[in-house]
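Observations on the three-dimensional arrangement
Next come the chains, spelled out residue by residue.
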Amino acid sequence: MELIQENPDLSAYLAADEAIDHTHPLVRATAARLARTSADSYVYARAAYEFVRDTIPHSADAGDRRVTWRASDVLDRRTGICHAKAHALTALLRAEDIPTALCYQRLLHDDGSAFALHGLVAVRLDGAWHRQDPRGNKPGVDARFSLDGERLAFPVDAAAGEVDYPTLYAEPNPAMLEILKAAPDRACLWERLPEELPSGA
């Protein structure tokens, strides 16, 4: 699949906003700590990815009812669904001047009952975009940081109606972000998650 930049200006994929708040002291401190032991941008990007994937549990896997959406809150509270974890990884990568985009998939729930919008990221390294999924591994999910072929959490089954959206966004989907911000807990969030990428994104 050919990935498509929504914004042709690469600097847009380094910007901070209310969700990707990479100027926040906690984000900066976390990035600086990871960078101290990273020899180059690739090593740092992999370290940041593994930090978010492995040390911040996906709230559904952990049974955590809290909802986070701002990158600094995800790092502070150590919880989040895929979208929140994607915001955290994006902030850590942009904090070290690595262009990072948000991207989306339409996936079936584990029980096959309905679809949900899944969030992940794409990182710009070696002159190309590479999608990465920091949602967190569990039995049946083995996502890895890779620039040599995707190692995502969920391969898309187009025959089942699942979709890989090719567009790379500089900012979170506005409708998805509002759903995250308005949800009082994860149970309510689960009921409101869109089944596909909201229009206008």
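Residues numbered from 1 in each chain as written. Predicted model: local features only at pLDDT ≥ 70, side-chain atom pairs only at ≥ 80, totals over all residues. Heavy atoms only, no water.

The next point concerns the packing of helix H1 (residues 25-36) against helix H5 (residues 82-95). Where H1 meets H5, the axes come as close as 9 Å, and the angle between the chain directions of the two elements is 65°. One way to sum up the angle between H1 and H5 is to call them roughly perpendicular. For the pair H1 and H5, the crossing hand works out as right-handed. Together, Val 27, Arg 28, Thr 30, Ala 31 and Leu 34 of H1 and Ala 91, Leu 92 and Ala 95 of H5 make up the contact between the two elements. Tallied by class, residues from the contact of H1 with H5 come to six nonpolar, one polar and one charged. (Axes fitted to C-alpha atoms, helices over the stretch in contact; angles between N-to-C directions. Helix = DSSP H or I, 4+ residues; strand = E, 2+ residues; numbered from the N terminus. Parallel < 35°, antiparallel > 145°, perpendicular 65-115°, else oblique. Left-handed = near helix turned anticlockwise from the far one by under 90°. Contact = heavy atoms within 4.5 Å. Nonpolar A, V, L, I, M, F, W, Y, C, P; charged D, E, K, R; others polar.)

The next thing to look at is the layout of surface pockets. Over the atoms rolls a probe the size of a water molecule, and its path tells where empty space is left. Estimates place the volume of the largest pocket at around 460 Å³. Looking at the largest pocket, it is lined by 20 residues, and the ones nearest its centre are Leu 108, His 109, Asp 110, Arg 135 and Phe 154. When residues of the lining of the largest pocket are traced back to their parent elements, those giving at least two are helix H3 (59-62), H5, strand E2 (100-108) and strand E3 (115-125). Of the residues belonging to the lining of the largest pocket, the class tally is 11 nonpolar, four polar and five charged. (1 Å grid on protein atoms, 1.4 Å probe; cavity = no way out; pocket = protein on both sides within 12 Å on 5 of 7 lines; lining within 4 Å. Points joined across faces, edges and corners; volume = space filled by probe spheres on them.)

So, on to the packing of aromatic side chains. Within this structure, the stated rule accounts for four aromatic pairs. Considering the side-chain rings of Tyr 13 and Trp 129, the 5.2 Å spacing of their centres and the 65° angle between planes classify their relative orientation as edge-to-face. With Tyr 13 in the loop between strand E1 (4-5) and H1 and Trp 129 in strand E4 (residues 128-132), the pair connects residues that are 116 residues apart, well separated along the chain. With respect to class, Tyr 13 is no different from Trp 129; both count as buried. Ring centres of Tyr 49 and Phe 145 lie 5.7 Å apart, and the angle between their planes is 50°; this geometry places the pair in the tilted category. One end of the pair, Tyr 49, is in helix H2 (residues 41-55); the other, Phe 145, is in the loop between E4 and strand E5 (163-164), with 96 residues separating them in the sequence. The same class applies to Tyr 49 as to Phe 145, namely buried. Three or more aromatic residues link up through ring pairs in this structure, and these residues are Tyr 42, Tyr 49 and Phe 145. (Phe/Tyr/Trp six-rings, centres within 6.5 Å; stacked < 30°, edge-to-face > 60°. Buried < 20%, exposed > 50% of the residue type's maximum accessible area, 1.4 Å probe, protein only.)

With 12 residues, H1 should cover 16 Å at 1.5 Å per step; its first-to-last C-alpha distance of 16 Å lies within 8% of that length. Of the positions making up H1, those classed as buried are Val 27, Thr 30, Ala 31 and Leu 34. Projected down its long axis, H1 shows its buried positions confined to an angular sector of 100°, all on one face. Away from the buried face of H1 by more than 90 degrees, exposed residues Pro 25 and Arg 36 are located. (Expected span 1.5 Å × (residues − 1). Arc of directions from axis to C-beta.)

Moving on, we get to the environment of Arg 78. Within the secondary structure, Arg 78 sits in the loop between helix H4 (71-77) and H5. On the basis of relative accessible area, Arg 78 is assigned to the partly exposed category, the value being 37%. Taking the C-alpha atoms as reference, Arg 78 lies 16 Å from Arg 28; in sequence the two are 50 residues apart. Discounting residues that sit within four places of it in the chain, Arg 78 has contacts with Phe 51, Thr 55, Ile 56, Pro 57 and Asp 73. A polar atom in the side chain of Arg 78 sits 3.2 Å from the backbone oxygen of Leu 75. (Polar contact = N/O pair within 3.5 Å; in protein donor to acceptor, adjacent residues only side chain to side chain.)

Tallied over the entire structure, the rule returns 12 salt bridges. Between Arg 135 and Asp 61 there is a salt bridge, with its nearest N and O atoms 2.7 Å apart. Of the two residues, Arg 135 is situated in the loop between E4 and E5 and Asp 61 in helix H3; the sequence distance between them amounts to 74 residues. Judged by relative accessible area, Arg 135 falls into the buried class, the value being 5%. A salt bridge links Lys 181 to Glu 178; its shortest N-O distance comes to 3.5 Å. Of the two residues, Lys 181 and Glu 178 both sit in helix H6 (residues 174-182), three residues apart, roughly one turn of that helix. What makes Lys 181 partly exposed here is its relative accessible area of 31%. Several salt bridges converge on common partners, so that one network encompasses Glu 18, Glu 178 and Lys 181. (Salt bridge = Lys/Arg side-chain N within 4 Å of Asp/Glu carboxyl O.)

Don't take any of this as a statement about function, it's just geometry.
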